[in-house]
Amino acid sequence: MTPVEKLLDILHLEQIEEYLFSGNTIDIGSPSVFGGQVLAQALNAATRTVPEDRLVHSLHGYFILAGDKTKPIYYEVDPIRDGRSFTTRRIVARQDGKAIFNMAASFQLEQEGYDHQIEMLNVPPPESLISYSELIETLAVKYKLDPKKIVPEDRPIDIRPVERIDPFNPGQRPPFRHVWFKAKEPLPSIKQIHSYVLAYASDFNLLLTALLPHNARLYQGKLRLASLDHAMWFHRNFKADDWLLYALDSPSASNARGFCRGSIFSRDGNLVASVAQEGLIRLVKPKK
């Protein structure tokens with residue numbers, strides 16, 4: 001299967017009971033299960049218990065324990081409320097009987113109302129930029145490294161950073177960055193699938209933004225990074241297989257945590273989603 005086909009296969013969970021689902025893991029090279037995968041799988045589980053005319057408008061999740069990549073994950077859905085306009089679900093992901101993630105998600109009928117948004121920054125188009133994979137290959141040659149040890153799998157999301165940052169020698173920068181991204185292949189024309197893929201992709205690049213002011217070097221074993229929570233708000237219709245701009249900033253880092261935000265725009269400038277995340281940023285002390 002292609003990387004996108006693998007992603008769609010892994011995000012589509014097996015239904016065991018009416019409110020119980022199970023899923024497996026794609027190894028993207030992270031020490032534990034990638035947070036974006038758990039987020040998207042939990043959203044899939046919740047969506048499949050909701051009427052098709054209601055789409056997700058927000059989700060709020062907490063990462064409790066690191067997921068084991070070799071074991072299945074079970075998703076329990078609690079049908080908290082089915083209202084006239086809104087539907088609420090609570091989802092708990094478990095491995096070996098222990099909760100590793102929990103999330104609340106809210107779904108809504110499409111309705112009319114006031115409409116405004118912030119403007120998208122004018123940045124270079126994605127066609128003028130190199131992909132993250134190409135950047136890693138260039139840096140691997142520069143530092144005489146095996147690129148497969150940095151990014152072991154061909155990822156399903158095409159990511160093209162606007163600011164070209166060397167993760168091995170980033171320097172000190174303001175906590176702002178911009179990234180174009182999309183699925184590498186066309187997706188089915190089902191809105192729910194596009195929301196799963198957007199949730200999956202939203203976990204890339206967020207926490208790294210909090211490292212920019214600190215000249216923090218990745219891949220050198222001196223940092224431990226982990227998502228602590230993740231929130232998303234879906235504002236307008238979008239396609240995850242068309243180019244989307246991720247405008248990221250990090251207002252604060254303190255107490256071994258970094259707080260990051262993201263605004264996701266369609267190519268024509270519509271604000272389609274907003275993201276917020278706090279993550280662990282812990283300096284690893286050398287062993288005596």
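You'll find the structure just up there.
Now for a description of the structure that goes with this document. Treat the numbers as computed from the prediction; the structure is a model and nothing was measured.

Another point: the overall build of the chain. Along its length, the chain carries five helices and 13 strands. Expected size for 288 residues packed as a compact globule is a radius of gyration near 19 Å; at 19 Å, the chain falls within 12% of this value. Seen through its C-alpha atoms, the chain measures out along the principal axes to roughly 55 × 45 × 40 Å. Taken over 288 residues, the chain has a buried fraction of 49%. Taking all contacts inside the chain whose residues are at least 6 apart in sequence as the whole, residues at least 24 apart take part in 72%. About 15300 Å² of surface is accessible on the chain, with carbon and sulfur atoms providing 51% of the total. The distance from the centre of the 35 positive side-chain charges to the centre of the 34 negative ones in the chain is 10 Å.

With that settled, the discussion passes to the pairing of strand 8 (residues 176–183). Within a regular strand, side chains alternate between the sheet's two faces. Most of strand 8 sits inside the fold, with seven of its eight residues counted as buried. Relative to strand 8, strand 7 (residues 157–161) is paired through five bridges, and the arrangement is antiparallel. From the neighbouring strand, R160 faces strand 8, where its bridge partner is W180. Relative to strand 11 (residues 244–254), strand 8 runs antiparallel, the two sharing six bridges. Considered in strand 11, the bridge of R177 is made with L248.

Attention now goes to the nonpolar core. The nonpolar side chains of soluble globular proteins are, as a tendency, buried together. With 63 residues, the main nonpolar core has Y75, F101, M103, F181, L198 and I264 as its most contacted residues. Those residues in contact with F101, other than ones at most four positions away along the chain, are V38, L39, A42, G61, Y62, F63, I64, I91, V92 and A93. Counting residues in each nonpolar core, the second largest holds nine residues, with V123, V162, A247 and F265 among its members.

The full count for this structure, using the stated rule, is six aromatic pairs. Between the aromatic rings of F234 and F238, the centroid separation amounts to 6.5 Å while the plane-to-plane angle is 25 degrees, which identifies the pairing as stacked. The residues F234 and F238 share a single accessibility class, namely buried. An aromatic cluster of at least three residues, connected via ring pairs, comprises F34, Y200 and F204.

Another point: the layout of surface pockets. The space that makes up the second largest pocket amounts to roughly 920 Å³. Lining the second largest pocket are 31 residues, and of these E110, F234, H235, R236 and N237 sit closest to its centre. A total of four residues in the lining of the second largest pocket trace back to one element, the largest contributor, which is helix 5 (residues 191–201).

Another point: unusual backbone geometry. Residue D96 is not a glycine yet carries a positive backbone phi of 55 degrees. For D96, the position within the fold is in the loop between strand 5 (86–95) and strand 6 (98–108). Positioned with a positive phi, A256 is a non-glycine residue whose angle comes to about 65 degrees. Residue position: A256 is located in the loop between strand 11 and strand 12 (257–266).

Here we take up empty space enclosed by the protein. In total, this model carries two cavities of 30 Å³ or more according to the counting rule given. Estimated volume of the largest cavity: approximately 250 Å³. Lining the largest cavity are 15 residues; nearest its centre among them are I165, P167, R177, L208 and L218. At the level of elements, helix 3 (132–143) and strand 7 are the ones that each hand at least two residues to the lining of the largest cavity. Partitioned by chemical class, the residues of the lining of the largest cavity number twelve nonpolar, one polar and two charged. Approximately 30 Å³ is the volume found for the second largest cavity. Residue assignment for the lining of the second largest cavity shows that the elements contributing at least two residues are strand 7 and strand 8. When the residues that make up the lining of the second largest cavity are grouped by side-chain class, the tally is seven nonpolar, one polar and no charged.

Orientation of helix 2 (residues 35–47) relative to helix 5, taken along the N-to-C sense of each, is 155 degrees, at an axis distance of 7 Å. Looking at the two axes, helix 2 sits roughly antiparallel to helix 5. Relative to helix 5, helix 2 is oriented so that their crossing is right-handed. Side by side, helix 2 and helix 5 meet where G36, Q37, L39, A40, L43, N44 and T47 of the first sit next to Q192, S195, Y196, A199 and Y200 of the second. Of the residues in the contact of helix 2 with helix 5, the class split is six nonpolar, six polar and no charged.

Calculation notes
- Residues numbered from 1 in each chain as written.
- Predicted model: local features only at pLDDT ≥ 70, side-chain atom pairs only at ≥ 80, totals over all residues.
- Heavy atoms only, no water.
- Helix = DSSP H or I, 4+ residues; strand = E, 2+ residues; numbered from the N terminus.
- Rg over C-alpha atoms; globule rule 2.2 N^0.38 Å.
- Buried < 20%, exposed > 50% of the residue type's maximum accessible area, 1.4 Å probe, protein only.
- Contact = heavy atoms within 4.5 Å.
- Areas by Shrake-Rupley, 256 points an atom, 1.4 Å probe, with all protein chains shown as cover.
- Lys, Arg positive; Asp, Glu negative; His and termini not counted.
- Charge placed at Lys NZ, Arg CZ, Asp CG, Glu CD.
- Pairing = 2+ DSSP bridges.
- Core = buried A, V, L, I, M, F, W, Y, C linked by side-chain atoms within 4.5 Å.
- Phe/Tyr/Trp six-rings, centres within 6.5 Å; stacked < 30°, edge-to-face > 60°.
- 1 Å grid on protein atoms, 1.4 Å probe; cavity = no way out; pocket = protein on both sides within 12 Å on 5 of 7 lines; lining within 4 Å.
- Points joined across faces, edges and corners; volume = space filled by probe spheres on them.
- Nonpolar A, V, L, I, M, F, W, Y, C, P; charged D, E, K, R; others polar.
- Axes fitted to C-alpha atoms, helices over the stretch in contact; angles between N-to-C directions.
- Parallel < 35°, antiparallel > 145°, perpendicular 65-115°, else oblique.
- Left-handed = near helix turned anticlockwise from the far one by under 90°.

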